[in-house]
Amino acid sequence: MPELLPRARSSSESVFARMSRLAAQHGAVNLGQGFPSDSPPAFLLEAARRAVGVSDQYAPPVGLPTLRDAIGADLGVDGADVVVTSGATEALNVLALALYGPGDEVLMLEPVFDVYVPQARLAGAVPVTVPMRLTDGEGWALDLDAVRAAVTPRTRALLLNSPYNPTGTVFTRAELESLVALARECDLWIVSDEVYDELYFGERPVSLRDLAPERTFTTGSAGKRLEATGWRVGWIACPPGLAGNVAAIRQVGSFCAPTPFQVAVAAALPVARRGGFYEGLRAEYGERMRLLAGGLRDLGATVFEPRGTYFLTARRPGWSAETLVEEAGVAVIPGDAFYVEHPAPAGLFRLAFCKSRDDLERALERLERAAHVSA
Ligand code: PMP
């Protein structure tokens, strides 16, 4: 057999896919992978039904004009600076290919969302991770001095995520301003992954796009916003004038995102914004988060309540993700899935609460039973 290139070997089955596979195999409640159990809203589904059979051929690689304008209007940017992608995953990959050259260093935080590291490597770049601090009392904290200390003459970009998967952190304006000052001083691009921009439980997150429009690419996801993760519609809001260059790269990837779903998302974004959809989502997910957090605390876990996303992190030394899925029938993501360079805090897990209340209650009951068995 001919050998694969070393960079292709960096990709194996992701822990998210593996835990979903094990969950199906063991009939487990799946609090691992971050996809909602609720259906997308009716206004989105109806728009897609109307589009299939009408808008079935290629869209322009940069995205349908109506969708670019709808995203631009939603984000407060010019539609001409928006590139539509096949989900935020592709958006991030396109940016890795567009911005990073061989040997360039890309700064990111740890715990790190799984695709950032392999995408940087596949682009020939070197991912450099800076660990967030975690204490049981204070939770997760950004270590600005460590970020500053990690910059070298080869650093090309800062890759950030707020609200942050997996920690649930929403970075403060002051933290983001310090990062922007650093990016300006060292002439770094900023890639700000903002797929959870509407999923927050306190103050609205500040977008890096508003603080440094000249150097920030923000990524977004209709899958996350509108609970349709399988539709593969995402976007990049580029600094002014750069959308054409970015689209030139994405057109040699998947060429374009699915056209009928682009039409549907274009129709749905203003409806979601005007009709209170995101407020409803936040209220519902806030309650589910508190249900899961309270239940886990009752089981002796230390819970780090998220300020955004639909994930929470918790520490419960003695639990193992493998045992939980196989014996308790609950799938969660082990904390070490988010660590590449540094050791993960002991007993750390990420649990998704974008699942039905029934699922959350069932998972808590099963965990309680398992705790009794192992006690
Ligand atoms: N970024 C983050 C932080 C995510 O959590 C996810 C999905 N889990 C993505 C990007 C990818 O989003 P999409 O499904 O639109 O590709």
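If you're wondering where the values come from, they're calculated on a predicted model, not measured in any experiment. (Residues numbered from 1 in each chain as written. Predicted model: local features only at pLDDT ≥ 70, side-chain atom pairs only at ≥ 80, totals over all residues. Heavy atoms only, no water.)

Chemist: How would you explain the sheet that holds strand β11 (residues 302-304) if you had to name every residue and give the values?
Modeler: For sheets, the rule is that strands pair by backbone hydrogen bonds, running either parallel or antiparallel. Taken in spatial order, the 4 strands make up an open sheet running β11-β12-β15-β14, and their pairing is antiparallel. Taken across any chain shown, the strands that pair with only one partner, and hence form the sheet edges, are β11 and β14 (333-334). Lying on the sheet, helix α13 (residues 277-298) is in contact with β11, β12 (311-315) and β15 (348-352); it crosses β12 at an angle near 10°. (Pairing = 2+ DSSP bridges. Helix = DSSP H or I, 4+ residues; strand = E, 2+ residues; numbered from the N terminus. Contact = heavy atoms within 4.5 Å. Axes fitted to C-alpha atoms, helices over the stretch in contact; angles between N-to-C directions.)

Chemist: Which residues make up the layout of surface pockets, and what values go with them?
Modeler: Empty pockets left among the atoms are what a rolling probe the size of a water molecule brings to light. Estimated volume of the largest pocket: approximately 950 Å³. Listed by contribution, the elements that provide at least two residues to the lining of the largest pocket are α2 (15-26), α5 (87-99), α6 (116-122) and α10 (222-225). The dominant element in the lining of the largest pocket, judged by the number of residues it contributes, is α6, at 6 residues. The residue makeup of the lining of the largest pocket, split by class, is 19 nonpolar, 15 polar and 7 charged. (1 Å grid on protein atoms, 1.4 Å probe; cavity = no way out; pocket = protein on both sides within 12 Å on 5 of 7 lines; lining within 4 Å. Points joined across faces, edges and corners; volume = space filled by probe spheres on them. Nonpolar A, V, L, I, M, F, W, Y, C, P; charged D, E, K, R; others polar.)

Chemist: Please give an account of the site of the ligand that cites residues and values.
Modeler: As a structural note, the neighbourhood of the ligand is formed by 14 residues, with T89, D193, Y196, S221 and R232 the closest of them. Within the side chain of N165, one N or O atom sits 2.7 Å away from an oxygen atom of the ligand. Y196 is positioned such that a nitrogen or oxygen atom in its side chain is 2.6 Å from an oxygen atom of the ligand. In isolation the ligand exposes 390 Å². Once the protein is present, 91% of that is buried. With 4 residues, α5 is the single largest residue contributor to the shell around the ligand. Considering only residue class, the shell around the ligand consists of 6 nonpolar, 5 polar and 3 charged. (Near = heavy atom within 4 Å. Polar contact = N/O pair within 3.5 Å; in protein donor to acceptor, adjacent residues only side chain to side chain. Areas by Shrake-Rupley, 256 points an atom, 1.4 Å probe, with all protein chains shown as cover.)

Chemist: Run through the packing of aromatic side chains, naming residues and quoting values.
Modeler: Scanning the entire structure with this criterion turns up 15 aromatic pairs. Residues F113 and Y116 carry aromatic rings whose centres are separated by 5.5 Å and whose planes lie at 75° to one another, so their mutual orientation is edge-to-face. The exposure classification of F113 matches that of Y116, with both residues buried. Arranged with centres 5.7 Å apart and planes meeting at 75°, the rings of Y285 and Y310 form a pair that is edge-to-face. Highlighted residues: Y285 in helix α13 and Y310 in the loop between β11 and β12, separated in sequence by 25 residues. This pair shows no difference in class: Y285 is buried, exactly as Y310 is. Following the ring pairs from residue to residue traces out a cluster consisting of Y196, Y285, Y310 and F311. One cation-aromatic arrangement involves R350 over F311; the distance from NZ or CZ to the ring centre is 3.6 Å. (Phe/Tyr/Trp six-rings, centres within 6.5 Å; stacked < 30°, edge-to-face > 60°. Buried < 20%, exposed > 50% of the residue type's maximum accessible area, 1.4 Å probe, protein only. Lys NZ or Arg CZ within 6 Å of the ring centre and 35° of its normal.)

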